[in-house]
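Spelled out from the first residue to the last, the chains are:
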Amino acid sequence: QVQLVESGGGLVQAGGSLRLSCATSGGTFSTYVMGWFRQAPGKEREFVAAINWTGGRTYYADSLKGRFTISRDNAKNTIDLQINSLKPEDTAVYYCAAKPGIAESRATRYHYWGQGTQVTVSS
């Protein structure tokens, strides 16, 4: 059973940065596509970024390109999400997720999910 645990969320002022991390255990991490999603209150879960199993290819939601960077360390079984120039509209619970196969933006395609970490951006 794959387990995912996010960390790194918090309260930050607009314009600041955060680095979220997701530690995994169980399964074969290096074979999974990993993704980050977020969900704001009253809104649907939204795709943020994904990275293939080698780390050589990354994918981002069009609206978020440029401020978000996803990375992975297969030796440590972790993925990170660097968020720069934070905006109040980035406030959400951020989730990491894992799936076999190819990278996708649809949340329903991901098999394993963490509990999420809260990011709150004050104006």
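Note: the structure precedes this text.
Residues numbered from 1 in each chain as written. Predicted model: local features only at pLDDT ≥ 70, side-chain atom pairs only at ≥ 80, totals over all residues. Heavy atoms only, no water.

Asks: Even after reading the chapter, I still don't get the overall build of the protein chain, so can you show me in this structure?
Replies: Within the protein chain one finds 0 helices and 11 strands. Reading the protein chain from its N end, one meets helices and strands in the order β-β-β-β-β-β-β-β-β-β-β. For the protein chain, whose C-alpha radius of gyration is 13 Å, the value lies close to the compact-globule estimate of 14 Å for 123 residues. Its C-alpha atoms put the protein chain at 40 × 25 × 25 Å along the principal axes. Within the protein chain, contacts between residues at least 6 apart in sequence are counted, and of these 57% link residues at least 24 apart. (Helix = DSSP H or I, 4+ residues; strand = E, 2+ residues; numbered from the N terminus. Rg over C-alpha atoms; globule rule 2.2 N^0.38 Å. Contact = heavy atoms within 4.5 Å.)

Asks: Just checking my understanding: could you explain the packing of aromatic side chains for this structure?
Replies: Under the defined criterion, the tally for this structure stands at 6 aromatic pairs. Ring centres of phenylalanine 37 and phenylalanine 47 lie 5.6 Å apart, and the angle between their planes is 70°; on these two criteria the pair is classed as edge-to-face. Pair noted here: phenylalanine 37 is in strand S4 (residues 33-39) and phenylalanine 47 is in strand S5 (residues 46-51), with a separation of 10 residues, a long-range link. According to the relative accessible area criterion, phenylalanine 37 is buried, its value standing at 0%. Accessibility expressed as a relative area gives 13% for phenylalanine 47, which makes it buried. Geometrically, the ring pair formed by phenylalanine 37 and tyrosine 110 is edge-to-face, given 5.1 Å between the ring centres and 75° between the ring planes. In this pair, phenylalanine 37 is assigned in strand S4 and tyrosine 110 in the loop between strand S9 (92-99) and strand S10 (112-113), connecting sequence segments 73 residues apart. For the pair formed by phenylalanine 37 and tyrosine 110, the shared burial category is buried. Each residue in the set Phe37, Phe47, Tyr95, Tyr110 and Trp113 is aromatic and connected to the rest through ring pairs, giving one cluster. One cation-aromatic arrangement involves arginine 45 over tryptophan 113; the distance from NZ or CZ to the ring centre is 4.7 Å. The ring of phenylalanine 29 is capped by arginine 72, whose NZ or CZ atom sits 4.4 Å from the centre of that ring. (Phe/Tyr/Trp six-rings, centres within 6.5 Å; stacked < 30°, edge-to-face > 60°. Buried < 20%, exposed > 50% of the residue type's maximum accessible area, 1.4 Å probe, protein only. Lys NZ or Arg CZ within 6 Å of the ring centre and 35° of its normal.)

Asks: How should I be thinking about the environment of tyrosine 95 in this particular structure?
Replies: Summarising the element assignment, tyrosine 95 is placed in strand S9. For tyrosine 95, a relative accessible area of 13% puts it in the buried group. Considered as a pair, tyrosine 95 and arginine 67 are 28 residues apart in the sequence and their alpha carbons are 17 Å apart.

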